[in-house]
Amino acid sequence: MALKYHQQIISDLLEDSNGGLVILSSGLSLAKLIASLLILHSPSQGTLLLLLSPAAQSLKSRIIHYISSLDSPTPTEITADLPANQRYSLYTSGSPFFITPRILIVDLLTQRIPVSSLAGIFILNAHSISETSTEAFIIRIVKSLNSSAYIRAFSDRPQAMVSGFAKTERTMRALFLRKIHLWPRFQLDVSQELEREPPEVVDIRVSMSNYMVGIQKAIIEVMDACLKEMKKTNKVDVDDLTVESGLFKSFDEIVRRQLDPIWHTLGKRTKQLVSDLKTLRKLLDYLVRYDAVSFLKFLDTLRVSESYRSVWLFAESSYKIFDFAKKRVYRLVKASDVKSKEHVKNKSGKKRNSKGETDSVEAVGGETATNVATGVVVEEVLEEAPKWKVLREILEETQEERLKQAFSEEDNSDNNGIVLVACKDERSCMQLEDCITNNPQKVMREEWEMYLLSKIELRSMQTPQKKKQKTPKGFGILDGVVPVTTIQNSEGSSVGRQEHEALMAAASSIRKLGKTTDMASGNNNPEPHVDKASCTKGKAKKDPTSLRRSLRSCNKKTTNSKPEILPGPDNEEKANEASTSAPQEANAVRPSGAKKLPPMHFYALESDQPILDILKPSVIIVYHPDMGFVRELEVYKAENPLRKLKVYFIFYDESTEVQKFEASIRRENEAFESLIRQKSSMIIPVDQDGLCMGSNSSTEFPASSTQNSLTRKAGGRKELEKETQVIVDIREFMSSLPNVLHQKGMKIIPVTLEVGDYILSPSICVERKSIQDLFQSFTSGRLFHQVEMMSRYYRIPVLLIEFSQDKSFSFQSSSDISDDVTPYNIISKLSLLVLHFPRLRLLWSRSLHATAEIFTTLKSNQDEPDETRAIRVGVPSEEGIIENDIRAENYNTSAVEFLRRLPGVSDANYRSIMEKCKSLAELASLPVETLAELMGGHKVAKSLREFLDAKYPTLL
């Protein structure tokens, strides 16, 4: 059975027949709560239950998993692939279904759903609901047709429920709800249940390396400098601009929400500052998440992609980020120093190695000597992440404790022996698994080789462009030799160029050595079960001692080789079976001398799967702490009080990782405190039963004819108002405009349109474009085709340019508007579009509600659109062109384009020519006098006549 606080939530929801809004703390098992409510629904009652599926599929998959684990029928998903008649049969079955809001609103408007038999609707993402969202549109229609249907909304993101002005109150109004249920982690029932049998927790603080501390300090300084620059704009609330708030993704939403009304008028520098703060937050996250080489590679990418426009790269402390990141991976040393060290190592190595190993050492040592003889050489550092060593120590400690328990013959029947390691993403999981099963230095070596080889590939892509040079620039570098710069050229060569050439030389030597190794392995008779790849990578090392170590490890793999289970979602079951049956074989590939480790499973937190209920681990190592996962651990232990659970938390001491984790808990508590205060003063209408915002427009917009009615007209009787209707393309239900039109009292008819988005009358067709869509349509050329189709089939084609209500009602600032026509200016593009299609009308709308008012005005004194005719527009006919068929073209567009390009024909006179002449052949036979009447002048008529009578020159 569910937890006690889950039972209390369920009983509270069942008491209110109208439903309610439930807001939980993150990680308190929202999926199990919804699954328990679905199990209580009985399909035998013949009532329908719909679940509006959110954009994230993880919640839906968890709900299905929990229901199937209890041997209950799982709800199926209704998709657009199902035909309409099949969807109707599913609706009448009475089972619960997952359905998207877009499909549901179309089926509601086309009356395919038996609303009278609808028991209720579950909304799984209440934090994303607004007054104009499709979910609010659905609830309004359902409540107007079936007031007894309950609405149950859920959310586990309290921070999102307090963003904006009265967000929770507006959400409840949109969903016609009167009760809100708040369940934070500090609620008495929740805290008592989760703290009754707490797991054993070990908090480990790992010190960062000096270079990591320097990088973190430099990033924070740069972030603070960017925040100060943004404060100077006087366009953002400075109270929200703190470094701590900049650690979260919600910071971008805060800044964009404040800048959205004036976003189009902001300068490039302010927009770039917003982007730079997002980049700096990524850098702080990647510093503690990834290895040193991957972090350096990401910095190199930023230097290339953002160098010409970025603001943070020119900050005072930005150079420290790149400098310290390089020092974590490599450093540049003088050739003379390295040469002497290598000579000593080679001399001592020859005495201790066998003959074959000595040859290899000599080859590597000779290559190194060739590289270092030119001045500057790259010396590897390859700093390992401090957490890697701690993780291995924890695993070794866990294995020792289990061996002690085995000797003491303790009862471990509930212990399956699996250690769960929780990481942030899949890449971290794969790298950690590689570090545990192999030598961490080998993992860093592989990353370093890939980093160097990527520079070679980038250079080879740029080399073919220079075809004139017989000896391409950098030929010596690709041979592993750094060219010596003369005194005359020394002024032009900088330290950065020497560093780049040294890196290229190191990369070339690695590639060259790889080719030599492949040729050598092809001549010998290798054993079939030797891991050649790992041996080859071992030979690429410059240090002879590390080379001998790699050779010994390769020999050990040859004598004792076992199948290795690769990481990945497809092999998780195999890995679990192998680790459960033979714990010693779970890590078949280990460095020599390494201790035995327990079976492990690496779990990516971003996958959001019910891994705890599947594996039921006894030891959990939280490598990347996350607040939601910590709550899941508490819930898991509360559900299994008799099972032993030990949890290790690995933090970087005095890092933003700790600060971010603690701030996330504090922010959630503050959000719930704000919700509790709002609940005490919230104003919800008592009669909120779905009828206060009905579809009858007469209740909201009373007709003025009643006040001015004359007694001679049927004794002042009120005229019957005609129901207005709008034909809407199904794809337009992704926007909120159909919802607002329905609020205005218009009947919405959803169909699939080939031409236009909205049909207001038989002659008015509207193509709606948001600002972002307008720019994209101009870039792709799609808008030209859409306007051409509207002009072909409708007398009044309309292009609606719709702005957001909270944004500036302008395309660009006044300083960006030029007098000349430029191909990249949006105003120039619109001007050319109107010149090309003279019948096109442009509508400018400030918001959705302004668009609804414009549509109401346009529909006055117009006939209602024909649904059958609108569907047939633009659809090709299988029987060919039929007379008086709307699918046939009204005129020959190719002939019209040819006519407009003739001499003397302009936008002012081509329509009059088309009215008098039915074809181009008839135009060619007209005399000059008739042409002058049609074209409005004798001069233009004469130029056209001379063009038509001109003889074609021949060679005879």
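Structure shown above.
From a predicted model like this one, the values you see are computed outputs, not experimental measurements. (Residues numbered from 1 in each chain as written. Predicted model: local features only at pLDDT ≥ 70, side-chain atom pairs only at ≥ 80, totals over all residues. Heavy atoms only, no water.)

Colleague: So what exactly am I meant to see when it comes to the overall build of the protein chain here?
Modeller: The number of helices and strands found in the protein chain is 40 helices and 20 strands. Considering only intrachain contacts with a sequence separation of at least 6, the fraction spanning at least 24 residues in the protein chain is 75%. For the protein chain, the exposed area adds up to about 49600 Å²; of that, 52% sits on carbon and sulfur atoms. (Helix = DSSP H or I, 4+ residues; strand = E, 2+ residues; numbered from the N terminus. Contact = heavy atoms within 4.5 Å. Areas by Shrake-Rupley, 256 points an atom, 1.4 Å probe, with all protein chains shown as cover.)

Colleague: Help me out: how do you make sense of the pattern of salt bridges in this one?
Modeller: Between side chains of opposite charge, a pair can form as their charged atoms come close. Summed over the entire model, instances satisfying the criterion amount to 36 salt bridges. Salt-bridge contacts for Glu-864 lead to Lys-859; the nearest nitrogen and oxygen are separated by 3.1 Å. No difference in accessibility class separates Glu-864 from Lys-859, as the two residues are buried. Sharing partners across several salt bridges, the network here consists of Glu-767, Lys-769, Asp-773 and Arg-782. (Salt bridge = Lys/Arg side-chain N within 4 Å of Asp/Glu carboxyl O. Buried < 20%, exposed > 50% of the residue type's maximum accessible area, 1.4 Å probe, protein only.)

Colleague: Would you mind going over helix α18 (residues 426-437) with me for this structure?
Modeller: In an α-helix, one turn spans 3.6 residues, which is why side chains three or four residues apart end up on the same side. Compared with an ideal rise of 1.5 Å per residue, which puts twelve residues at 16 Å, α18 spans 17 Å between its outermost C-alpha atoms and is within 8% of the ideal. For α18, every residue scored as buried is listed here: Ser-428, Cys-429, Gln-431, Leu-432, Cys-435, Ile-436 and Thr-437. (Expected span 1.5 Å × (residues − 1).)

Colleague: Before we go on, may I ask you to explain the sheet that holds strand β11 (residues 419-423) in this structure?
Modeller: Strand order in the open sheet formed by five strands is β8-β14-β13-β11-β12, and the pairing between neighbours is parallel. In the strand order of this sheet, the two ends are held by β8 (200-206) and β12 (600-604), each with one partner. On average, each strand axis in the sheet is tilted by 20° relative to the strand beside it, whichever way the strands run. One ladder, built from four bridges, connects β11 with strand β13 (residues 619-622); its direction is parallel. Residue pairing across strands places Ala-422 opposite Val-622, the latter belonging to β13. Strands β8, β11, β12, β13 and β14 (646-652) of the sheet are contacted by helix α17 (residues 386-408), whose axis makes an angle of about 165° with β14. (Pairing = 2+ DSSP bridges. Axes fitted to C-alpha atoms, helices over the stretch in contact; angles between N-to-C directions.)

Colleague: Would you mind showing me how to read the sheet that holds strand β3 (residues 76-78) here?
Modeller: Strands sit in the order β3-β4-β2-β5-β6-β1-β7 across an open sheet of seven strands; the sheet is parallel. Two strands bound the open sheet, and with one partner strand each, they are β3 and β7 (180-183). Averaged over all pairs of adjacent strands, the angle between their axes in this sheet comes to 20°, without regard to strand direction. Sheet analysis places strand β1 (residues 19-24) next to β7, joined by four bridges and oriented parallel. Across the sheet, the residue bridging to Val-22 is His-181, located in β7. Strand contacts of helix α2 (residues 30-40): β1, β2 (48-52), β4 (96-99), β5 (118-123) and β6 (150-155), with the helix running at about 160° to β6, the strand carrying the most contacts. Against the sheet, helix α6 (residues 134-145) contacts β2, β5 and β6, and its axis sits at roughly 165° relative to β5.

Colleague: Explain the packing of aromatic side chains here, please?
Modeller: One pair of aromatic rings is described through two measures. These are the centre distance and the angle between the planes. What the rule picks out here adds up to 14 aromatic pairs. Ring centres of Trp-312 and Phe-322 lie 6.1 Å apart, and the angle between their planes is 10°; on these two criteria the pair is classed as stacked. Pair noted here: Trp-312 is in the loop between α13 (292-306) and α14 (318-327) and Phe-322 is in helix α14, with a separation of ten residues, a long-range link. Comparing Trp-312 with Phe-322, the two get one shared label, buried. Through a chain of ring-to-ring contacts, the aromatic side chains of Phe-122, Tyr-150 and Phe-154 assemble into a single cluster. Across the ring face of Tyr-150, the terminal group of Arg-152 is positioned such that the distance to the ring centre comes to 3.9 Å. (Phe/Tyr/Trp six-rings, centres within 6.5 Å; stacked < 30°, edge-to-face > 60°. Lys NZ or Arg CZ within 6 Å of the ring centre and 35° of its normal.)

It is worth stressing that arrangement in space is one thing and function is another; only the former is reported here.
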